[in-house]
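# An overview of the molecular structure
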Amino acid sequence: MNEEFEVTPYSVSGDIDYDELVERFGTKKIDDSLMERFARHGPIHPMLRRGIFYSHRDLDWILSEYEKGTGFTLYTGRGPSGPVHIGHTMPWMFAKYLQDTFKAKLWFQLTDDEKFMFYDHLSLEEAKKWAYDNALDIIALGFDPDLTNIFLDTEYIGTMYPTAVRAAKKINFSTIRAVFGFDNSNNIGSIFFTSIQTVPCFLESIAQGRNVPCLIPCGIDQDPHFRVTRDIAEGLGFYKPALVHAKLMPSLGGSEKMSTSTKMNDTIFMTDDEKTAKKKVMNAFTGGRVSVDEQRKEGGDPEICAVYQYNLYHFEPDDTKLAQLHADCKSGKILCGECKARLFEKIWKFLEHHQLEREKAKDKVNDFLIRD
Ligand code: SF4
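Keep in mind it's a predicted model, so treat the numbers as computed, not measured. (Residues numbered from 1 in each chain as written. Predicted model: local features only at pLDDT ≥ 70, side-chain atom pairs only at ≥ 80, totals over all residues. Heavy atoms only, no water.)

Attention now goes to the overall build of the chain. Scanning the chain from N- to C-terminus turns up 18 helices and nine strands. The principal-axis extent of the C-alpha atoms belonging to the chain is close to 65 × 45 × 45 Å. Excluding contacts between residues fewer than 6 apart, the proportion of contacts in the chain whose partners are at least 24 apart in sequence is 77%. A total accessible area of about 16600 Å² is found for the chain, and carbon and sulfur atoms account for 50% of it. (Helix = DSSP H or I, 4+ residues; strand = E, 2+ residues; numbered from the N terminus. Contact = heavy atoms within 4.5 Å. Areas by Shrake-Rupley, 256 points an atom, 1.4 Å probe, with all protein chains shown as cover.)

Here's what the structure looks like:
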């Protein structure tokens, strides 16, 4: 067993063994039969096909409920502590795919309270400012305004609080300490927070006055929050939320998880200008060799290459072209400079479009935001 890595909602370190993580967390891998069930309802998203969304809890049950006509709702979120980067948008794009395919309502939580409580340097006003900024990136991805509710915890707390306190009464400190690794130095807000994080799983049920199944697409690092929720859901009279988990998008520097706190140059933000984005891509960590001659002879290593991983995760949706890139890299047919330039073109096309939509989103905020 590889004990050398750690994955919690608050820290990720080491070389993650995703198969082992499924064992550790007690989730299930998405298998071919589940994939075939997805295929009955529409095209299979590349992130599913390629095993980026690779693990789940009760996804089969969610599909059964949908097929019976009960339907389901979606819940995802964002901790607003800074600008949005490409890695953040992966589960959101997957949520959009699920919304489009199953016509499911999405509850999008902006946890300004959480970020305030966890980050010493962040004031509540700053967290709120980032929440409104990040909402533009969410809206720009093209969610259906009729099927999407975005809310800040501090602005929707009146609706959430009665369920949060009912949840809080069922969660012991010993559970939170064991699941999140907290100790006596954690402030009491961070200890309480998981009960707030629990509530959006049930917001559709509360709104409709009947039990509605909920599916959460998220990075696998967020699973521990919802293990706690699943343990108490039925005691509160709701279904356990189902989850579909993604692997964590690597940074351009080659480390396992892109985060706002990774070195700024290893992360492409949705608001980066062309020059900045280009510099980051051209400086990315690759699986290339030390010299051109050596690379022509020995080939590169796409498995450890951030440029290849970016193509795999998002920027080359065509499987044939991706396989060609893999083969050309291994055979030394393509060199890293050209490969990075090609990736940059795709990234810039994506960012340019996103930034235009982001501008338009400024006029649409009130179509999406809900408040008490
Ligand atoms: Fe990575 Fe491309 Fe270089 Fe291969 S050729 S190592 S995929 S940058």
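Right, let's get into the domain arrangement of the chain. Domain annotation of the chain identifies domain 1 (6–248) and domain 2 (264–359). Domain 1 and domain 2 are separated by 29 Å when their C-alpha centres are compared. Opposite the 19 residues of domain 1 that make contact, domain 2 presents 19 residues. Carbon and sulfur atoms supply 62% of the area that domain 1 and domain 2 bury against each other, a total of about 1700 Å² over both sides. Summed over the three residues of domain 1 that lose the most area to domain 2, namely Arg50, Ile86 and Ala140, the buried surface amounts to 37% of that side. In this assembly, domain 1 and domain 2 are joined by four salt bridges. (Domains from an automatic or database assignment. Buried area = accessible area lost by both parts, 1.4 Å probe. Salt bridge = Lys/Arg side-chain N within 4 Å of Asp/Glu carboxyl O.)

Moving on: the pattern of salt bridges. All told, the structure shown has 21 salt bridges when counted by the stated rule. As a salt-bridge pair, arginine 40 and glutamate 67 come within 3.8 Å of each other at their nearest N and O atoms. With a gap of 27 residues between them, arginine 40 in the loop between helix H2 (32–39) and helix H3 (46–49) and glutamate 67 in helix H4 (residues 59–68) connect regions that are remote in the sequence. Since its relative accessible area comes to 59%, arginine 40 is described here as exposed. Look at the salt bridges and you will find they share partners, linking Arg37, Arg40 and Glu67 into a network. (Buried < 20%, exposed > 50% of the residue type's maximum accessible area, 1.4 Å probe, protein only.)

A few words on helix H17 (residues 336–361). For an α-helix, 3.6 residues make a turn, and residues three or four places apart therefore share a direction. Between the first and last C-alpha of H17 there are 36 Å, a value that for 26 residues agrees with the 38 Å anticipated at 1.5 Å per step. Of the positions making up H17, those classed as buried are Cys339, Lys340, Leu343, Phe344, Ile347, Trp348, Phe350, Leu351, His354, Glu357, Arg358 and Ala361. As for H17, its buried residues are in contact with helix H5 (86–102), helix H7 (124–140), helix H13 (274–282), helix H15 (306–315), helix H16 (319–331) and helix H18 (365–368). (Expected span 1.5 Å × (residues − 1).)

Around the ligand, the structure places Thr286, Gly287, Gly288, Gln295, Cys305, Val307, Tyr308, Cys329, Ile334, Leu335, Cys336 and Cys339. Among the detected pockets, the ligand sits in the largest cavity. Residue assignment for the shell around the ligand shows that the elements contributing at least two residues are H15 and H17. Taken together, the residues of the shell around the ligand break down into eight nonpolar, four polar and no charged. (Near = heavy atom within 4 Å. 1 Å grid on protein atoms, 1.4 Å probe; cavity = no way out; pocket = protein on both sides within 12 Å on 5 of 7 lines; lining within 4 Å. Sits in = over half its atoms within 2 Å of the grid points. Nonpolar A, V, L, I, M, F, W, Y, C, P; charged D, E, K, R; others polar.)

What follows covers a negative patch on the surface. A grouping of Asp31, Asp32, Glu36 and Asp60 is seen on the molecular surface, where their side chains present a negatively charged patch. Here aspartate 60 lies in helix H4. (Patch = residues over 30% accessible without salt bridge, like charges linked within 9 Å, V, L, I, M, F, W, Y side chains within 5 Å. Lys, Arg positive; Asp, Glu negative; His and termini not counted. Charge placed at Lys NZ, Arg CZ, Asp CG, Glu CD.)

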